[in-house]
Amino acid sequence: MTESSFILKHPLRVRVFHYILAASFLTLAVTGIMLYFKLLAEPAMNTAMQVHVVAGVVMTLDALAFFFLAFDRVVLFTKRTFTFSGNDIKWFAILGGYPQKILLHKKVDVPPMGKYNAGQKLFGICVLVGGTLLILSGWVLWALPHAVPHGTASMIGSIHLYASWVLILFLFVHLFLGIYMWDDFKAMFVDGRIPYEDAAEKAPLWVKNELQRLS
Amino acid sequence: MSKNDPSHEFMESPFSLSRREFIAIGGVIIALLALPAVWVRSALINRNHHIQARTKGLYRDDATAKIRLSHENQAVMRLYRDFAGKPLSPVSEELLHTKYINRMKALS
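Quick caveat, the model's predicted, so the values are computed rather than measured.

Parameters at a glance
- Residues numbered from 1 in each chain as written.
- Chains lettered and ligands numbered in written order.
- Predicted model: local features only at pLDDT ≥ 70, side-chain atom pairs only at ≥ 80, totals over all residues.
- Heavy atoms only, no water.
- Phe/Tyr/Trp six-rings, centres within 6.5 Å; stacked < 30°, edge-to-face > 60°.
- Buried < 20%, exposed > 50% of the residue type's maximum accessible area, 1.4 Å probe, protein only.
- Lys NZ or Arg CZ within 6 Å of the ring centre and 35° of its normal.
- pLDDT = per-residue confidence, 0-100.
- Helix = DSSP H or I, 4+ residues; strand = E, 2+ residues; numbered from the N terminus.
- Axes fitted to C-alpha atoms, helices over the stretch in contact; angles between N-to-C directions.
- Parallel < 35°, antiparallel > 145°, perpendicular 65-115°, else oblique.
- Left-handed = near helix turned anticlockwise from the far one by under 90°.
- Contact = heavy atoms within 4.5 Å.
- Nonpolar A, V, L, I, M, F, W, Y, C, P; charged D, E, K, R; others polar.
- Patch = residues over 30% accessible without salt bridge, like charges linked within 9 Å, V, L, I, M, F, W, Y side chains within 5 Å.
- Areas by Shrake-Rupley, 256 points an atom, 1.4 Å probe, with all protein chains shown as cover.
- Salt bridge = Lys/Arg side-chain N within 4 Å of Asp/Glu carboxyl O.
- Buried area = accessible area lost by both parts, 1.4 Å probe.
- Polar contact = N/O pair within 3.5 Å; in protein donor to acceptor, adjacent residues only side chain to side chain.

(A) Layout of the packing of aromatic side chains. All names here are of chain A. Tallying each qualifying case throughout the model produces 18 aromatic pairs over all chains. Taking 6.4 Å as the distance between ring centres and 65 degrees as the angle between the ring planes, the aromatic pair formed by tryptophan 91 and tyrosine 98 counts as edge-to-face. Given a relative accessible area of 7%, tryptophan 91 falls into the buried group. The ring of phenylalanine 6 is capped by arginine 193, whose NZ or CZ atom sits 3.9 Å from the centre of that ring.

Structure, rendered in structure tokens:
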């Protein structure tokens, strides 16, 4: 292969799903924090609640569309995120070599990873489980609050709160590492392509086992 | 992008996921998503369980009560004799009249 070889890492339907997910989740996170900490005056809080609901509906439609139109990608993502090996434990032991690289400017040997490294797998599980919980609990809290018993509504509210905190905190790490790995960032937000050399370095098992050359 | 798109030379093999894996993992995902739906449905059905239990208890008390007819109740007879005069009198109307509210929807 040549230096100009590229791999299609994120197909168009994945990127479109991610665009809408990113826009709606960021809106939900910002308005959710405003609502939780009561940062604004009452009229503005009402507006924040309305924006929160609209963004929630957008995220739900996005998730449903991807679920039904790209179920194979959902299954593939689930398989990858829930598949663990000893390499993942070794990866966590050195945190993927990122602290050494970022703080000490030192490169350490990282166990070979597939398309997603161990940290991305953990984030993927949080997104799958937490995102589903957030959507379901959000709909019950918004559309059916009086139809469920008080205790259940309270429990669903707690689930919504804890799931959102976990995902918001993870989002900071996701954003930072996403921008730090600039080729990956461009692949997800621009054209879906990643240089072969970059993929071979960060995801050697994926390149070795799951790719095919286009003739 | 199509397979022949010149912008990239490699893509994921469509056989990264076997048919067996697709059916197994897809089935688990759908089953897990169905669980909350069952749970929400159960919560909706049982949301007025405490009201239904209270209603059942009242009917049971009524069935075992010694005095089951209001016009045989000594306390009611004393109320009309000493205070309200007779049923539907102005005092009775003012104190005892109530408006009908259909609560059957809440109990269903």
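(B) View of the confidence of the model for chain B. Residues and elements named next belong to chain B. Per-chain confidence: chain B averages 84 in pLDDT, with 91% of residues scoring 70 or above. The element-level mean pLDDT for chain B is lowest in helix H5 (residues 104–107), coming to 67, with helix H3 (residues 74–84) highest at 93. Confidence metrics for the complex model read pTM 0.74 and ipTM 0.74.

(C) Highlighting the environment of leucine 61 of chain A. With respect to the helices and strands, the residue leucine 61 of chain A is situated in helix H2 (residues 42–69). Considering only alpha carbons, one finds leucine 61 of chain A and glycine 114 of chain A, 53 residues apart in sequence, at a separation of 30 Å.

(D) Fine view of the packing of helix H3 (residues 71–81) of chain A against helix H6 (residues 118–143) of chain A. Residue and element names in this part refer to chain A. Remark: H3 packs on H6, axes separated minimally by 9 Å, with the N-to-C direction vectors making an angle of 130 degrees. For the element pair H3 / H6, the angle class is oblique. Here H3 and H6 pass one another in a crossing that is left-handed. Contacts between H3 and H6 involve Phe77, Thr78, Arg80 and Thr81 from the first element and Lys121, Gly124, Ile125 and Leu128 from the second. Residues that form the contact of H3 with H6 fall into these classes: 3 nonpolar, 3 polar and 2 charged.

(E) Just a nonpolar patch on the surface, in detail. Residue and element names in this part refer to chain A. On the surface, Leu12, Val16, Ile20, Val54 and Val58 cluster together into a nonpolar patch covering about 380 Å² of accessible area. Looking at the nonpolar patch, the elements that each hand over two or more residues are helix H1 (12–37) and H2. Following the sequence through the fold, valine 58 ends up in helix H2.

(F) Spotlight on the interface of chain A and chain B. Contacts between the two partners involve 37 residues from chain A, matched on the other side by 26 residues from chain B. In this assembly, chain A packs against chain B so that about 2,800 Å² is buried in total across both faces, 70% of it on carbon and sulfur atoms. If you sort the residues of chain A by the area they bury against chain B, Leu8, Gln212 and Leu214 of chain A come out on top, with a joint share of 23%. Where chain A touches chain B, the interface holds 4 salt bridges. The interface formed by chain A and chain B holds 12 residue pairs in polar contact (both at pLDDT 80 or more) in total. Within the residue set of the side of chain A that touches chain B, elements represented by two or more residues are strand E1 (6–8), H3, H6, helix H7 (150–180), helix H10 (204–210) and strand E3 (211–213) of chain A. No other element matches the 9 residues that H3 of chain A contributes to the side of chain A that touches chain B.

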